[in-house]
Every structure is written in C-alpha cells, then in structure tokens.
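Chain by chain, the residues run as shown.
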Amino acid sequence: QVQLVESGGGLVQTGDSLRLSCEASGQTLSTSAMGWFRQAPGKERVFVSGISPNGESTYYLASAKGRFTISRDNVKNTVYLQMTNLKPEDTATYYCAARNSVAVVSAARLYNYWGQGTQVTVSS
C-alpha cells in the first residue's frame, strides 16, 4: 500500500511562489506516473500537472503552463510542484496522486493512490 503525504502549502500573496512536495512511502514510485490535482470549494477536482516515471514527460493544465513546474526525485520517492506567479484563482486544496501505470492521464478516477491534500491560498 502506498501512502502519499503532501506538504508546502500556505497563504501567500499574488505573484508569490510555493513549492509543494509529495513524499511516498510503502512502495517505490519509480514506475508510477504521478499527478497533481487541485480542488476548490464546490468545484470538481482538476488535473494540474503530471509526470512520467522517468521524469522525461510532463503535462500541465493550460493555465499552469509557464508558471508551474513538476519534477520528481525517484531516489527520495518524492514529487514536487514548483508554483510561481501565483494568482487568486490558484487557491485550492492540492492533491498528489499516483497510478499503477507508466502513462500520465488527467482523469482523477484513474489514479490509485491519493494524499490528504495541502491548502494553497493566494490573496489578492
């Protein structure tokens, strides 16, 4: 069983940066596609970014492209989401997810493991 623990969220101002981390335990993630999702109150969980097992392929929500960077360290079993130039519309709970597959997908239902989430609040 895989456990995912996110950290790094917080309250920031427009234009600030944050780096989210997702550390896995219980199983190596070196063969797993990983994703970051976010969910604002009253809204659906949305795919933000994903990364292939070897880190060579990355994918982003259109509004995140150019501002967010996903990366992973398979030795540390950790995935990161560097977020820059944050905007109030980025406010949400951010979740890390892992798949029992090498393919990155945007559908939340296709991910097998989830973290508990970390809150990101961007004030204007």
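What counts, and where the lines are drawn
Residues numbered from 1 in each chain as written. Predicted model: local features only at pLDDT ≥ 70, side-chain atom pairs only at ≥ 80, totals over all residues. Heavy atoms only, no water. Salt bridge = Lys/Arg side-chain N within 4 Å of Asp/Glu carboxyl O. Helix = DSSP H or I, 4+ residues; strand = E, 2+ residues; numbered from the N terminus. Buried < 20%, exposed > 50% of the residue type's maximum accessible area, 1.4 Å probe, protein only. Disulfide = S-S within 2.5 Å. Polar contact = N/O pair within 3.5 Å; in protein donor to acceptor, adjacent residues only side chain to side chain. Contact = heavy atoms within 4.5 Å. Pairing = 2+ DSSP bridges. Axes fitted to C-alpha atoms, helices over the stretch in contact; angles between N-to-C directions.

Caption draft 1: Inspection of the pattern of salt bridges at higher detail. Using the criterion set out here, one finds 2 salt bridges in the structure. Note that aspartate 90 is salt-bridged to arginine 38, the shortest N-O span being 2.9 Å. Here arginine 38 lies in strand E4 (residues 34-39) and aspartate 90 lies in the loop between strand E8 (78-83) and strand E9 (92-98), a separation of 52 residues in the sequence. Judged by relative accessible area, arginine 38 falls into the buried class, the value being 12%. One salt-bridge network, held together by shared partners, links Arg38, Arg67 and Asp90.

Caption draft 2: Region of interest: the state of the cysteines. Evaluation of the coordinates by the stated rule reveals 1 disulfide. The disulfide bridge from cysteine 22 ends at cysteine 96, spanning 2.0 Å between sulfur atoms. Judged by the sign of its S-S torsion, about -75°, the bond between cysteine 22 and cysteine 96 is left-handed. Of this pair, cysteine 22 sits in strand E3 (residues 18-25) while cysteine 96 is found in strand E9, placing the two residues 74 residues apart along the sequence. Of the two residues, cysteine 22 and cysteine 96, neither departs from the other in class, the shared state being buried.

Caption draft 3: Structural detail: the side chain of arginine 38. Within the local environment of arginine 38, its side chain forms a polar contact with the side chain of aspartate 90, the two groups lying 2.9 Å apart. Only 2.9 Å separates the side chain of arginine 38 from the side chain of tyrosine 94, close enough to count as a polar contact. Once you skip the residues sitting within four places of it in the chain, arginine 38 turns out to touch Glu44, Arg45, Val46, Val48, Leu61, Ser63, Phe68, Glu89, Asp90, Ala92, Thr93 and Tyr94.

Caption draft 4: Layout of the side chain of threonine 78. Structurally, the position occupied by threonine 78 is in strand E8. Given a relative accessible area of 7%, threonine 78 falls into the buried group. A distance of 2.9 Å separates the side chain of threonine 78 from the backbone oxygen of lysine 76, its partner in a polar contact. If sequence neighbours within four positions are ignored, threonine 78 has contacts with Ser21, Cys22, Glu23, Arg72 and Asp73.

Caption draft 5: Region of the structure containing the sheet that holds strand E7 (residues 68-73). Sheet architecture is open: 4 strands sit in the order E1-E3-E8-E7, paired in antiparallel fashion. On the outer flanks of this sheet lie strand E1 (3-7) and E7, each paired with one strand and no other. The average angle at which neighbouring strand axes cross in this sheet is 15°, direction not considered. Here E7 pairs with E8 via 6 bridges, running antiparallel. In the sheet register, threonine 69 faces E8, and the bridge partner there is glutamine 82.

Caption draft 6: Main features of the pairing of E4. With 5 of 6 residues buried, E4 is to be regarded as a mostly interior element. Sheet topology places E4 next to strand E5 (residues 46-51); 5 bridges connect them, and they run antiparallel. Following the sheet pairing, arginine 38 is matched in E5 by valine 46. The turn joining E4 and E5, which pair antiparallel and follow one another in sequence, is formed by 6 residues; a positive phi near 80° is taken by glycine 42. Pairing analysis gives 6 bridges linking E4 to E9, with the strands arranged antiparallel. Bridge pairing in E9 links phenylalanine 37 to tyrosine 95.

Geometric descriptors of this kind do not, in isolation, establish any biological role.
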